[in-house]
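Below are the chains, spelled out letter by letter.
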Amino acid sequence: RSGEMAKLTQLIDNEVFRAYATYTTIVLLKMMLMSLITAYFRITRKTFVNPEDTTIFGKGESAKKYLRTDPDVERVRRGHLNDLENIVPFLGIGLLYALSGPELPTALLHFRIFAGARIVHTFAYLIPLPQPSRGLSWAVGYAVTISMAYKVLKTALYL
Amino acid sequence: RSGEMAKLTQLIDNEVFRAYATYTTIVLLKMMLMSLITAYFRITRKTFVNPEDTTIFGKGESAKKYLRTDPDVERVRRGHLNDLENIVPFLGIGLLYALSGPELPTALLHFRIFAGARIVHTFAYLIPLPQPSRGLSWAVGYAVTISMAYKVLKTALYL
Amino acid sequence: RSGEMAKLTQLIDNEVFRAYATYTTIVLLKMMLMSLITAYFRITRKTFVNPEDTTIFGKGESAKKYLRTDPDVERVRRGHLNDLENIVPFLGIGLLYALSGPELPTALLHFRIFAGARIVHTFAYLIPLPQPSRGLSWAVGYAVTISMAYKVLKTALYL
């Protein structure tokens, strides 16, 4: 057993894989933060979608008025969904890319730019910054993922 | 080739990795179940969003009345989206955690609590149970994922 | 270091893993394409959800009329969400399946049918094709994922 465990930890000892693990964890934690921001806005704006969530603020008819939508809550939710749409491809394609034997500096460049772009995207969405800030930060993350996908298909293509 | 395959199966023979595989498959199957529950409510409540889906229940104007929203359908869809938002981080961070060499009992504790919390969350959402059942079950799964992320970053951090 | 890298690349040299890498990258790129199609419809239909996105088409009150929903935009977004709901389970369960030591022809059959089903699903959703085209293509991808989950649990079950 300890021999197998050693082989497993070799994966996590590989620098490219460690970089993938670090940046993936960072962008996933960033995505998880969107849940807390949504909850914060829902509570401070008293804006809920589930009747059972309004009971802290009142009973019966008086609570029903909190079943509404709020522009800020909706904005955070759109940012959260955009994260899912873009971080899921990074999670999958990035893992395969990390296993496809890229040079460490090239891999770091991809991971850093992707993580930076998604963090800028979140600020651009939530503040909000004037366009094309959000559009550009989205496109940068998208292009990095396409670049990794190209490397994966070039290395591993087996149809 | 068979030598390589042997190395591959060593991964699946590792107990921590097998536990990760088991609980990840369980929570992903649970998430997939949400699609079936949505379809069940859409059909029994005759509530659709795509015009081409209503043709089994009528043609032309008589079918248009089924293009509507239903509170139960919307509830299941919210539960499904919440699964995506929370199970995607578990999928990615959990994999890296399983490769970061945790003790088997610690890893099992994390995986079991996460899977249990997400199953309770689904019941709390769909029945629905009074709050804070859903909120607490969500928070437990969230905290487990944060704990695994901490271990990944502590073991693998490479910025 | 180079010894570790060699072990890593053995994973990507394994034919089942290469097939998983290829088909996963294909379905993730297909999912990413939904973002471009959404953007295309938003711009050509002048249909936006964020006030800051309308400024290219006008200022102040004249821009507000572009904050609306469009049936084609909503259709693409539903297709995108359906991709997330189905491709995330494939990403996770497919990876574990590829590591569970399946026969190459069996694995290829699973991956090819899943990718084909999701491509048909996208055409069925966007054209749209009459039902049950979309329903059937969805069900085929779903069944393939269940079949892989069964193999993973049979090989790796560790509760």
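You'll find chain A entered in an unreviewed UniProt entry as Microsomal glutathione S-transferase 1, with Cathartes aura given as the organism. The UniProt entry for chain A carries the following text under Sequence similarities (unreviewed entry): "Belongs to the MAPEG family." Reading the Function (unreviewed entry) entry of the UniProt record for chain A gives the comment "Conjugation of reduced glutathione to a wide number of exogenous and endogenous hydrophobic electrophiles."

1. Examining the pattern of salt bridges
Overall, the coordinates contain 24 salt bridges over all chains when judged by the stated rule. Close ionic contact of Glu74 of chain B with Arg77 of chain B constitutes a salt bridge, the shortest N to O distance being 3.2 Å. One end of the pair is Glu74 of chain B and the other is Arg77 of chain B, both in helix 4 (residues 71-98) and three residues apart, which spans about a single turn. The class for Glu74 of chain B is partly exposed, based on a relative accessible area of 23%. A relative accessible area of 32% places Arg77 of chain B in the partly exposed class. In this structure, a network of salt bridges that share partners links the residues Glu52 and Asp53 of chain A together with Arg75 and Arg134 of chain B.

2. Regarding the relation of the copies chain C and chain A
Turning chain C through 120° and shifting it by 0.0 Å along the axis lays it on chain A, with an RMSD of 0.0 Å. Expressed as an axis order, the relation between the two copies is that of a three-fold axis. Taking C-alpha positions as reference, the residue of chain C nearest the rotation axis is Val88 of chain C, located at 4.3 Å. Interface residue correspondence from chain C to chain A reaches only 17%, placing this contact among heterologous pairings that use different surfaces.

3. Structural notes on the interface of chain C and chain A
Listed as interface residues are 41 residues of chain C and, on the opposing side, 39 residues of chain A. For the interface between chain C and chain A, the tally reads three salt bridges. For Arg134 of chain A, the salt bridge identified is with Asp53 of chain C, shortest N-O distance 2.9 Å. If one sorts the elements of the side of chain C that touches chain A by residue count, helix 2 (residues 15-44) of chain C sits on top with 18 residues. Along the lines of polarity and charge, the residues of the side of chain C that touches chain A split into 25 nonpolar, seven polar and nine charged.

4. A word on the environment of Leu159 of chain B
Within the secondary structure layout, Leu159 of chain B lies in the segment after helix 6 (133-156). By relative accessible area, which is 52% here, Leu159 of chain B ends up exposed. Here the alpha-carbon distance between Leu159 of chain B and Ala149 of chain B, two residues ten residues apart in the chain, equals 15 Å. Once you skip the residues sitting within four places of it in the chain, Leu159 of chain B turns out to touch Thr22, Tyr23, Ile26, Leu108 and Arg112 of chain A.

5. Some details on the side chain of Asp53 of chain C
Looking at the secondary structure, you find Asp53 of chain C in the loop between helix 2 and helix 3 (61-64). Classification of Asp53 of chain C as buried rests on a relative accessible area of 10%. Among the polar contacts listed, one links the side chain of Asp53 of chain C to the side chain of Gln131 of chain A, at a separation of 2.9 Å. Not counting the four nearest positions on each side in its chain, Asp53 of chain C is found in contact with Gln131 and Arg134 of chain A together with Phe48 of chain C.

6. A few points about a nonpolar patch on the surface
Residue and element names in this part refer to chain B. A cluster of nonpolar residues, Ile119, Phe123, Ile127 and Leu129, forms a patch on the protein surface that exposes about 360 Å² of accessible area. Inspection of the secondary structure puts Ile127 in the loop between helix 5 (104-126) and helix 6. Ile127 gets classed as exposed once you look at its relative accessible area, which sits at 56%.

7. Focus: the interface of chain A and chain B
Opposite the 41 residues of chain A that make contact, chain B presents 39 residues. Roughly 3400 Å² of surface becomes buried between chain A and chain B when both sides are summed, with 69% attributable to carbon and sulfur atoms. Here chain A and chain B share three salt bridges between them. Two residues, Arg75 of chain B and Glu52 of chain A, come together in a salt bridge whose shortest N-O distance is 2.8 Å.

8. Focus on helix 5 (residues 104-126) of chain A
All names here are of chain A. Counted at 1.5 Å a residue, the expected span for helix 5 with its 23 residues is 33 Å, and the 33 Å between its end C-alpha atoms agrees. Inspection of helix 5 places Ala107, Leu108, His110, Phe111, Phe114, Ala115, Ala117, Arg118, His121, Thr122, Ala124 and Tyr125 among the buried residues, and these make up the whole buried set. In this structure, the buried side of helix 5 is in contact with helix 2 (15-44), helix 4 (71-98) and helix 6 (133-156).

9. Re unusual backbone geometry
Residues and elements named next belong to chain A. Residues Gln131 and Pro132 are joined by a peptide bond in cis, for which omega reads 5°. Within the secondary structure, Pro132 is located in the loop between helix 5 and helix 6. In this structure, Lys46 takes a positive phi of about 45° despite not being glycine. Residue placement: Lys46 occurs in the loop between helix 2 and helix 3 (61-64). Here Lys46 falls in the partly exposed class, since its relative accessible area comes to 32%.

Reading the values: rules and limits
Residues numbered from 1 in each chain as written. Chains lettered and ligands numbered in written order. Predicted model: local features only at pLDDT ≥ 70, side-chain atom pairs only at ≥ 80, totals over all residues. Heavy atoms only, no water. UniProt positions renumbered as here; feature names shortened; annotations may be inferred. Salt bridge = Lys/Arg side-chain N within 4 Å of Asp/Glu carboxyl O. Helix = DSSP H or I, 4+ residues; strand = E, 2+ residues; numbered from the N terminus. Buried < 20%, exposed > 50% of the residue type's maximum accessible area, 1.4 Å probe, protein only. Least-squares fit on C-alpha atoms with pLDDT ≥ 70 in both. Contact = heavy atoms within 4.5 Å. Nonpolar A, V, L, I, M, F, W, Y, C, P; charged D, E, K, R; others polar. Polar contact = N/O pair within 3.5 Å; in protein donor to acceptor, adjacent residues only side chain to side chain. Patch = residues over 30% accessible without salt bridge, like charges linked within 9 Å, V, L, I, M, F, W, Y side chains within 5 Å. Areas by Shrake-Rupley, 256 points an atom, 1.4 Å probe, with all protein chains shown as cover. Buried area = accessible area lost by both parts, 1.4 Å probe. Expected span 1.5 Å × (residues − 1).

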